[in-house]
Amino acid sequence: MIEMKNVYKKYPNGVVAVNGINIKIKQGEFVYIVGPSGAGKSTFIKMMYREEKATSGEIIVNGMNLSKLKNKEVPHLRRQIGVVFQDFKLLPRLNVYENVAFALEVIEEDPSKIRKRVMDVLDLVGLKKKVRMFPDELSGGEQQRVSIARSIVNVPKVVIADEPTGNLDPETSWDIMNLFEEINARGTTIIMATHNREIVNNMRRRVIAIEGGLIVRDERGGDYGYEG
Amino acid sequence: MKARTLGRHFRESIKSVGRNGWMTFASVSAVTVTLLLVGVFMVIMMNLNKVANDLENDVEIKVLIDLKADEKAEATLQQQIKDMPGVESMKYSSKEHELNGLVKDFGEDLSLFKQSNPLRNVLYVKAKNPQQTAKVAKQIDTLDNTYEVLYGKGKIEKLFNFLNISRNVGIVLIIALLLTAMFLISNTIKITITARRKEIEIMKLVGATNWFVRIPFILEGMWLGLLGSIIPILIVSILYTQIYNALAPKLQGEIFQLLNSKPFIFEVDLLILLMGVLIGIWGSFMSVRKFLKI
């Protein structure tokens, strides 16, 4: 479902972030992306939903060739991908319900379906009782749950998460990881960049390690592999 | 775009105008001042143009026919002038008719000349384009059987020059003012957008189209332009009607008149409104552009 062939990314300032990556990720996989800071993990992830464009090489997501994708078609791609960030990216002036519904409103979903879909995912992430609260009234873990709810409300085939537990304490991180496991169990592909050694070592999923813009290790049931 | 979505955009844009309180006020007042200047300028310009046209249309060429010309030669001359491409109209006036005119203007003393009329038969010619008067006059002068061709040489060139310069200066000033207003609106929208950068980013990441992001801001620009045009419309309308009512009776019988206030001022109002809306839309369109590259 996601395939990269000889993908290369050079930023205008001359930095080469990705230096020839080949990879295949199948539907329903759970993949950890690990590696030191500045290794190119974020760029690698951002290219999947076309926040960054590859300088050369081919990226195919859900059958769409991103190097040939017109700007006009990018929204179509993004509707099939849910994205979760380290800093949650919630809108402070919208409450929990509105933050999640927002993702459906902007893609002009039928309003009669919005309410049910939003309540369903908020139930899944365990926030059904806090729909009227605003982001600043929630804990970090709860905010991340809202952001996860928003990423899956559209039933995407893949959820991409960039350091989703980076701002959370270990216990909350485990709750969030269990939530991702649950979403993955329903058939959604999960691709997660993380520095959380403990989680990677305990989950025993596919691990892709990136260093200096290259894949240095790709193993199923792998471990974090870095010290500290 | 679905009707429901458009409704959402309208609500969003109106909310945003309210939420931006002081910024809205600042840019609406800036637009108000600019549109007021533009409106006043337009009224002056259009009246000046009317005066210019009136003056221009009053310019005619007087062709004195040679005494030697017989009836047949006169007829040929008239036909030749009528056939010229630049000629709008031509009027024949016999020397008796000319003399009667002078008698009327200067008194019965002149009727003594009726026994031996020293005047000549005359043709009054109007050029299609008054600015071409001199050229047409020169052409007529080359024809046979003309004694002299008069058109106020020197004076009308100066008049036309003056009118042309003032027209161009007015247009340049109006354009400069409009650009200023556009810049002001675009700045306000830029601040609104910067404040909502995060929202735009999330919208784009969950798959909103560029138009979906753009339209609320464009509508907001439209509201700013619309609000900014209200006071200029009121001031220009009231002021011009007052001035017109005061001046029009005094100008009766003059060769130039002010534009009648009734249809004219509504046209100006409509133009101010349109300009407000257009600069609003354009200003915000320009400032959203670079925020969409996510």
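Residues numbered from 1 in each chain as written. Chains lettered and ligands numbered in written order. Predicted model: local features only at pLDDT ≥ 70, side-chain atom pairs only at ≥ 80, totals over all residues.

Draft legend 1. Layout of the overall build of chain A. Scanning chain A from N- to C-terminus turns up 7 helices and 10 strands. Looking at chain A as a whole, 42% of its 228 residues are labelled buried. For chain A, contacts bridging at least 24 residues in sequence account for 69% of all contacts bridging at least 6. (Helix = DSSP H or I, 4+ residues; strand = E, 2+ residues; numbered from the N terminus. Buried ≥ 20, exposed ≤ 12 C-beta atoms within 10 Å, placed from the backbone. Contact = placed C-beta atoms within 7 Å.)

Draft legend 2. Spotlight on the environment of A:Ile114. Residues and elements named next belong to chain A. Position of Ile114 relative to the elements: it lies in helix H4 (residues 111-124). Between the C-alpha atom of Ile114 and that of Leu104, which follows or precedes it by 10 residues, the distance is 6.7 Å. Beyond its immediate stretch of four places on either side in the chain, Ile114 contacts Ala101, Leu104, Glu105 and Glu109.

Draft legend 3. Main features of the interface of chain A and chain B. Listed per partner, the contact involves 11 residues of chain A and 13 residues of chain B. Of the residues contributing to the side of chain A that touches chain B, the split by class is 6 nonpolar, no polar and 5 charged. (Nonpolar A, V, L, I, M, F, W, Y, C, P; charged D, E, K, R; others polar.)

Draft legend 4. Representation of unusual backbone geometry. Residues and elements named next belong to chain A. One non-glycine residue with positive phi stands out, namely Arg50, at about 60°. Counting through the fold element by element, Arg50 comes out in the loop between helix H1 (41-48) and strand S4 (56-61). Residue class for Arg50 comes out buried when judged on the 21 C-beta atoms lying within 10 Å of it. In this structure, Glu108 is a non-glycine residue whose phi angle is positive, near 60°. Note that Glu108 resides in the loop between helix H3 (96-105) and H4. Given 15 C-beta atoms within a 10 Å radius, Glu108 is considered partly exposed.

Draft legend 5. Expanded view of the sheet that holds strand S4 (residues 146-150) of chain B. All names here are of chain B. The 4 strands lie next to each other as S2-S3-S1-S4, forming an open sheet whose pairing is antiparallel. For this open sheet the edge positions go to strand S2 (87-93) and S4, each flanked by a neighbour on one side alone. The mean angle between the axes of side-by-side strands here comes to 20°, regardless of whether they run parallel or antiparallel. Pairing of strand S1 (residues 61-65) with strand S3 (residues 122-127) involves 4 bridges; the strand directions are antiparallel. By the bridge assignment for S3, Leu64 is matched with Val122. Across the face of the sheet, helix H3 (residues 71-83) comes into contact with S1, S2 and S3 while running at roughly 160° to S2. (Pairing = 2+ DSSP bridges. Axes fitted to C-alpha atoms, helices over the stretch in contact; angles between N-to-C directions.)

Draft legend 6. Fine view of the packing of helix H6 (residues 155-195) of chain B against helix H9 (residues 261-289) of chain B. All names here are of chain B. Packing of H6 against H9 brings their axes to within 8 Å, and their N-to-C directions diverge by 50°. With respect to H9, the element H6 is oriented oblique. Here H6 and H9 pass one another in a crossing that is right-handed. Side by side, H6 and H9 meet where Leu178, Ala181, Met182, Ile185, Ser186, Ile189, Lys190 and Ile193 of the first sit next to Met275, Ile279, Gly280, Trp282, Gly283, Ser284, Met286, Ser287 and Val288 of the second. Residues of the contact of H6 with H9, tallied by class, amount to 11 nonpolar, 5 polar and 1 charged. (Parallel < 35°, antiparallel > 145°, perpendicular 65-115°, else oblique. Left-handed = near helix turned anticlockwise from the far one by under 90°.)

Draft legend 7. Fine view of helix H5 (residues 140-152) of chain A. Residue and element names in this part refer to chain A. A rise of 1.5 Å per residue sets the reference length of H5, with its 13 residues, at 18 Å; its end C-alpha atoms lie 19 Å apart and thus fit the reference within 8%. Where burial is concerned, most of H5 is hidden: 11 out of the 13 residues are buried. Looking only at H5, the buried set comprises Glu142, Gln143, Gln144, Arg145, Val146, Ser147, Ile148, Ala149, Arg150, Ser151 and Ile152. (Expected span 1.5 Å × (residues − 1).)

Draft legend 8. Layout of the environment of B:Gln132. All names here are of chain B. For Gln132, the position within the fold is in the loop between S3 and helix H5 (133-141). Owing to 16 C-beta atoms within 10 Å, Gln132 belongs among the partly exposed residues under this scheme. Sequence-wise, Gln132 and Gly86 are 46 residues apart; in three dimensions their C-alpha atoms are separated by 7.7 Å. Filtering out sequence-adjacent residues up to four positions away, Gln132 remains in contact with Gly86 and Ala127.

Draft legend 9. Looking closely at the sheet that holds S4(A). Residues and elements named next belong to chain A. Across the sheet, 4 strands lie side by side as S2-S1-S4-S5; this open sheet has antiparallel pairing. Every interior strand has two partners, whereas the edge strands, strand S2 (16-25) and strand S5 (64-65), have only one. Relative to S2, strand S1 (residues 2-10) runs antiparallel, the two being bridged by 7 bridges. Residue Met4 lies in a different strand from S2, and its bridge partner there is Ile23.

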